[in-house]
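Residue strings, one per chain:
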Amino acid sequence: VLFSKAEFYTTVNHLRDLPKEPGVEIAFAGRSNAGKSSAINTLAGRGRFAFVSKTPGRTQHINFFQLGTRRFIVDLPGYGYAKVPLAIRQHWTELLSRYLQTRETLFGMVLIMDIRHPIMPLDVQMLEWFALTKKPVHILLSKADKINRSKAAETLRLVRNYLAAHQIAGSAQIFSSMTSEGKDEAILLLANWLES
Ligand code: GDP
């Protein structure tokens, strides 16, 4: 699987419009502003704005990027943005929870958290929904360049302990789109998932 070959595939705003063909997907989720778009761009080896752009109207949708034959990165709408009207938030909640819990072609989820603000309440909600599926989650602690090494290591330990304490099938790593720290580690894991 070549991440650098990723291409836009489709945008979906309703579960009924999800691609129906068999395949393998990895979903990327996170609070808005956690660094999800930057992480996808970094992993796909693209410039920051070249690939996952924040086209108005698309950020609330589920965006599919094809990596190879029937291998997809799925960019889920960012959550936790306070200024969004309740009706739209409810639509996201429904879309996210149903997608995560019912999508058969979904192999695993990458959850992006700002390393300075890990495991916020809505992140917990995402982890809890997804844990029911018994599928693996991988946490990218993003923006690691913004804090010192020992603080980063401490947060990583805290997050790993959280997963273990809640019996969540998951892993976590330090990541930075700015310095590309953690890029190789993440690509290795994701390539493994997509080959499964
Ligand atoms: P999204 O809403 O989760 O898709 O977040 P973005 O990828 O758009 O990032 C939100 C903000 O954080 C932007 O201003 C980015 O430039 C910044 N950002 C994202 N990743 C990093 C990182 O690894 N390091 C630093 N210093 N800033 C980052």
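Conventions used here
- Residues numbered from 1 in each chain as written.
- Predicted model: local features only at pLDDT ≥ 70, side-chain atom pairs only at ≥ 80, totals over all residues.
- UniProt positions renumbered as here; feature names shortened; annotations may be inferred.
- Near = placed C-beta within 6 Å.
- Helix = DSSP H or I, 4+ residues; strand = E, 2+ residues; numbered from the N terminus.
- Nonpolar A, V, L, I, M, F, W, Y, C, P; charged D, E, K, R; others polar.
- Core = buried A, V, L, I, M, F, W, Y, C linked by C-beta atoms within 7 Å.
- Buried ≥ 20, exposed ≤ 12 C-beta atoms within 10 Å, placed from the backbone.
- Contact = placed C-beta atoms within 7 Å.
- Expected span 1.5 Å × (residues − 1).
- Arc of directions from axis to C-beta.
- pLDDT = per-residue confidence, 0-100.

Where an unreviewed UniProt entry is consulted, the protein appears under the name Probable GTP-binding protein EngB, with the organism given as Nitrosomonas mobilis. Here the protein is described in UniProt, under the heading Cofactor (unreviewed entry), as follows: "Mg(2+)". Looking at the Sequence similarities (unreviewed entry) heading of the UniProt record, one finds this comment for the protein: "Belongs to the TRAFAC class TrmE-Era-EngA-EngB-Septin-like GTPase superfamily. EngB GTPase family."

Trainee: What exactly am I supposed to notice about the site of the ligand here?
Mentor: Surrounding the ligand, one finds 16 residues, the nearest of these being Gly35, Lys36, Ser37, Ser38 and Met178. Counting residues per element, the shell around the ligand draws most heavily on helix α1 (residues 36–43), at 3 residues. The class makeup of the residues in the shell around the ligand is 2 nonpolar, 10 polar and 4 charged.

Trainee: Just checking my understanding: could you explain the nonpolar core for this structure?
Mentor: One recurring pattern in soluble globular proteins: nonpolar side chains tend to sit buried together. Counting residues in each nonpolar core, the largest one holds 46 residues, and the members touching the most others are Ala27, Phe28, Ile73, Leu111 and Leu141. Leave out the neighbours within four places in its chain, and Ile73 touches Ala6, Ile26, Phe28, Ile40, Phe65 and Leu67.

Trainee: What exactly am I supposed to notice about helix α2 (residues 86–102) here?
Mentor: Owing to its 3.6 residues per turn, the α-helix aligns residues three or four sequence positions apart on the same side. Across its 17 residues, α2 extends 24 Å between first and last C-alpha, which sits within 8% of the 24 Å expected from 1.5 Å per residue. Every buried residue of α2 is accounted for by Leu96, Tyr99 and Leu100. The buried residues of α2 occupy one face: seen down the axis, they fall within an arc of 90 degrees. In α2, the exposed positions angled more than 90 degrees off the buried face are occupied by Leu86, Ala87, Gln90, Glu94 and Thr102. The inward-facing, buried residues of α2 contact β2 (24–30), β3 (62–68), β5 (106–114) and α3 (121–131).

Trainee: How should the confidence of the model for the protein be read in this particular structure?
Mentor: The predicted coordinates of low-pLDDT regions are not to be read in fine detail. Mean pLDDT over the protein stands at 89; residues scoring 70 or higher make up 92%. Interface predicted TM-score (ipTM) for the complex: 0.99; the corresponding pTM is 0.93.

Trainee: Could you clarify how one ought to interpret the environment of Leu127 in this entry?
Mentor: Looking at where Leu127 falls in the secondary structure, it is placed in helix α3. In the structure, Leu127 is positioned 11 residues away from Arg116 in sequence and 18 Å away in space, judged by C-alpha atoms. Not counting the four nearest positions on each side in its chain, Leu127 is found in contact with Val137 and Ile168.

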